[in-house]
Amino acid sequence: MGWKGGSPSREATITGISIDTRSLEPGDLFVPLTDARDGHEFVPQAFAQGAAAALVRAGYSRQPSDGVLIRVPDESGRDSVLAALERIGMAARARLADTARVIAVTGSAGKTGTKEMLRACLKACASAPEKVHAPEKSFNNHWGVPLTLARMPADTEFAVFEIGMNHAGEIRPLTKMVRPHIAIVTNVLPVHVGNFPDGETGIANAKAEIFEGLESGGTAIILRDSPHYERLRAAAVGAGALERSFGDADSGADVVLRSVGVASENPHDSQVVRAEFAGRGERVTFHLGMQGRHLGMNSLAVLLTLDTLHCNLGRSTRALAEVGAAAGRGARQNIRCGDGELLLLDESYNANPASIAAALASLAAINDTLIRRRIAVLGDMLELGENAVQYHVGLKDSASRADLVFCCGPNMRHLYDALPPEKRGAHAENSEKLIPHVLDALRPGDAVMVKGSLGSRMALVVEALKNHFAN
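Keep in mind the model is a prediction, meaning the values are calculated, not measured. (Residues numbered from 1 in each chain as written. Predicted model: local features only at pLDDT ≥ 70, side-chain atom pairs only at ≥ 80, totals over all residues. Heavy atoms only, no water.)

1. Some thoughts on the sheet that holds strand 16 (residues 331–337)
Short version of the rule: In this analysis, strands are considered paired if DSSP registers two or more bridges between them. Where helices and strands are cited, they refer to DSSP runs of H or I of at least four residues and of E of at least two residues respectively, numbered from the N terminus. Axes here refer to lines fitted to C-alpha atoms; in helices the fit is confined to the stretch in contact. Angles between the N-to-C directions go from 0 to 180 degrees. By definition, residues are in contact when any of their heavy atoms lie within 4.5 Å.
Taken in spatial order, the 6 strands of this open sheet run 16-17-21-18-19-20, and their pairing is mixed. Two strands close off the open sheet at either side, each with one partner strand: strand 16 and strand 20 (424–428). Across the sheet, the mean angle from the axis of one strand to that of its neighbour is 15°, orientation sign disregarded. Bridge count for strand 18 (residues 373–379) against strand 21 (residues 446–451) is 6 bridges, and the pairing is parallel. Its bridge partner being in strand 21, I375 is matched across the sheet by V448. Together, strand 18, strand 19 (404–408) and strand 20 form the strand contacts of helix 13 (residues 410–418), whose direction differs from that of strand 20 by roughly 155°. Those strands touched by helix 14 (residues 431–441) are strand 18, strand 19, strand 20 and strand 21, and its axis lies near 160° from that of strand 19.

2. Details of unusual backbone geometry
As a reminder, the rule being used: Throughout, exposure labels follow a simple rule: accessible area from a 1.4 Å probe, protein chains only, divided by the maximum for the residue type, with under 20% read as buried, over 50% as exposed, and the rest as partly exposed.
Even without glycine at this site, E383 takes up a positive phi of about 60°. Turning to its location among the elements, E383 is positioned in the loop between strand 18 and helix 11 (388–393). Overall, E383 belongs to the partly exposed group, its relative accessible area being 39%. At R457, a residue that is not glycine, the phi angle is positive and equals roughly 60°. Inspection of the secondary structure puts R457 in the loop between strand 21 and helix 15 (459–470). Exposure remark for R457: the relative accessible area of 46% places this residue in the partly exposed category.

3. Structural notes on the pattern of salt bridges
Note that side chains of opposite charge can pair when their charged atoms are close. This is how the line gets drawn: Within this document, salt bridges are pairs made up of a side-chain nitrogen of Lys or Arg and a carboxyl oxygen of Asp or Glu, the two lying within 4 Å of each other.
Under the definition given, this model contains 26 salt bridges. A salt bridge links E41 to R37; its shortest N-O distance comes to 2.7 Å. Relative accessible area serves as the criterion here: at 46%, E41 is assigned to the partly exposed category. In this structure, R457 engages E432 in a salt bridge whose closest nitrogen and oxygen atoms are separated by 3.7 Å. In this pair, R457 is assigned in the loop between strand 21 and helix 15 and E432 in helix 14, connecting sequence segments 25 residues apart.

4. Topic: the packing of aromatic side chains
Counted only if it meets this: Paired rings are identified among Phe, Tyr and Trp, the last through its six-membered ring, by centres lying within 6.5 Å, and are further divided according to the angle between planes into stacked (under 30 degrees), edge-to-face (over 60) and tilted (the rest). Note on criteria: charge over ring means Lys NZ or Arg CZ within 6 Å of the ring centre, with the direction from the centre no more than 35 degrees off the ring normal.
As enumerated under the stated definition, the model contains 0 aromatic pairs in all. R280 extends its terminal NZ or CZ atom over the ring of F277, reaching a point 4.0 Å from the ring centre. Directly above the ring of Y349 sits R329, whose terminal nitrogen or CZ lies 3.8 Å from the centroid.

5. A short note on helix 10 (residues 353–364)
As a reminder, the rule being used: The length a helix should cover is 1.5 Å for every residue beyond the first. Any pair of nitrogen or oxygen atoms within 3.5 Å is treated as a polar contact; in protein, a donor-acceptor pairing is required on top of that, and neighbouring residues in sequence qualify only through side-chain atoms on both sides.
For helix 10, spanning 12 residues, the distance from its first C-alpha to its last is 17 Å, which sits close to the expected 16 Å at 1.5 Å a residue. Those residues of helix 10 that sit buried are P353, S355, I356, A358, A359, L360, S362 and L363. Between the side-chain oxygen at the start of helix 10 and the backbone nitrogen of A354 there is a gap of 3.0 Å, and the oxygen is on N352.

6. Re the side chain of E86
Relative to the assigned elements, E86 resides in helix 2 (residues 80–94). Within the local environment of E86, its side chain forms a polar contact with the side chain of R78, the two groups lying 3.0 Å apart.

7. Focus on the side chain of T186
Checked against the element boundaries, T186 lands in the loop between strand 10 (182–185) and helix 6 (199–208). Residue T186 is classed as buried on the basis of its relative accessible area, which comes to 1%. There is a polar contact of 2.7 Å between the side chain of T186 and the backbone oxygen of A109. Contact partners of T186, with chain neighbours within four places excluded, come to V105, T106, G107, S108, A109, G110, T114, L223, F246 and N298.

8. Here's the deal with the packing of helix 3 (residues 111–123) against helix 8 (residues 293–308)
To keep it simple, the criterion reads: Just so you know how the angles are binned, under 35 degrees is roughly parallel, over 145 roughly antiparallel, 65 to 115 roughly perpendicular, and the rest oblique. Definitions for this section: a left-handed crossing has its near helix turned counterclockwise from the far helix by less than a right angle. A right-handed crossing has that turn clockwise. Following the grouping adopted for this structure description, the nonpolar residues are Ala, Val, Leu, Ile, Met, Phe, Trp, Tyr, Cys and Pro, the charged ones are Asp, Glu, Lys and Arg, and the polar ones are all others, Gly among them.
Packing of helix 3 against helix 8 brings their axes to within 10 Å, and their N-to-C directions diverge by 40°. Taken together, the axes of helix 3 and helix 8 are oblique relative to one another. For the crossing formed where helix 3 meets helix 8, the hand is right-handed. When helix 3 is examined against helix 8, the residues T114, M117, L118, C121 and L122 are found in contact with a partner set consisting of L295, N298, S299, V302, T305 and L306. Residues that form the contact of helix 3 with helix 8 fall into these classes: 7 nonpolar, 4 polar and no charged.

9. Some points on the environment of L465
Inspection of the secondary structure assignment puts L465 in helix 15. Using a relative accessible area of 1% as the deciding quantity, one classes L465 as buried. Once the C-alpha coordinates of L465 and I203 are considered, the two residues, 262 residues apart in sequence, prove to be 36 Å apart. With residues near it in sequence (within four places) discarded, L465 still touches L344, V438, L439, L442, V448 and V450.

10. Thoughts on the pairing of strand 10
Short version of the rule: Whether a crossover is right-handed depends on one test, that the path from the first strand over the helix to the second runs clockwise when the strands point away from the viewer.
Along strand 10, one buried face is formed by I182 and I184 and the opposite face, lined by A183 and V185, is buried too. Summarising the sheet, strand 7 (residues 101–106) and strand 10 pair through 4 bridges and their orientation is parallel. If you follow T106 over to strand 10, its bridge partner there is V185. Here 4 bridges tie strand 10 to strand 11 (residues 219–223), and the two strands are oriented parallel to one another. When the bridges of strand 11 are listed, I182 appears paired with T219. The handedness of the strand 10 to strand 11 crossover, carried by helix 6, is right-handed.

11. Considerations on the pairing of strand 12 (residues 242–248)
Here strand 12 lies mainly inside the structure; 5 of its 7 residues are buried. In this structure, strand 11 lies alongside strand 12, joined through 5 bridges in parallel fashion. Looking across to strand 12, one finds that T219 is bridged to L242. On the question of chirality, the crossover connecting strand 11 to the parallel strand 12 by way of helix 7 (residues 229–238) is right-handed. Looking at chain direction, strand 12 and strand 13 (residues 255–262) are connected through 3 bridges and run parallel. Following the sheet pairing, F246 is matched in strand 13 by V255.

Set out below in structure tokens:
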């Protein structure tokens, strides 16, 4: 597209949009947003890296090395550049063909994994794989959603967005930009519960905001087993949506999970999911390239989406076998250790009570005769409010299924002290201080799972393991 800015005689051809000079490509429009630092500080650097133009506020002072500048008027009380990015995103959404279909995913856990499953399956439904648009990363906040919209090609046939929140009211404006035809709520869990005086009820209400952006005649897909199902369903129906549900075999959901188990031919990486459309007795079986019953359950939301879109279920679900877990979100890696190997399960991106329990269940369920010990390395779960200690101690039974447990952080200390003595590996104040204890304990044949909230910095443990055993 061509934009004019800076001076009337200058024109730039823009081939992409970037908000970060670290990932900016030549031809990108640079959008300098403001957080801890003012993004306008990086405008000259963006041009040095080949930016075609920069979207800047009206008062920005041109620097000698600057190229084409697209100035936006100041807005009272708002970041004018972010507001302009939002308008670009909404314009990109508005230009989609009437036949295009947009899916939005929210939930306390599983958003990114569900988005990646949808991306893979929809490529089998589209006329060409490049007609499916979704963010490469977890761009689910007030920056990431409009950026993903703005990057969306005009000929997109299927688009998938994930929408997150830390507080009430954050999903509402984002879903109204996205205007999904299908909105999925994977679950409601005590994540960021410290920000909600009314606890999980408040979280459920905040997640239900996603239905407010649904296009007329849209579909809401909800976990039937959730204790907040009726609240979510009422919000969906109130927004004029058709409600469909997924859940366990006895839940009364539209699609139910009959079984989920390890695929014997590849025990580290995949599992077989057997599901049934309860109302019509149709059974569907597919391989999922990630382990964990919770992931099998989320795949049912994908199945419902494909059915709603009238995709060929057999052809599209075959893609699920190739969907692997991302770094920090369940990725598995065999690492050389002494005269053997250890299995690293990287769950370090984030954590809440339900996701840690699910990760511990996946660790316990590893079906491999070469695994000798199952070891959990756990960091504090954050933003849990006044009940944080109880949430951590409440993991005792799940954690006790591991052979050895290492913990860091003040709240995980309570879990560590509650464990049987033979299960206690070590406790440390933070992840950096825990690393030497973990490294010293690991042996060939161990499976080690690392998980904690992002602020607990458990990724440092993962990197230390990789670096130590690579030498």
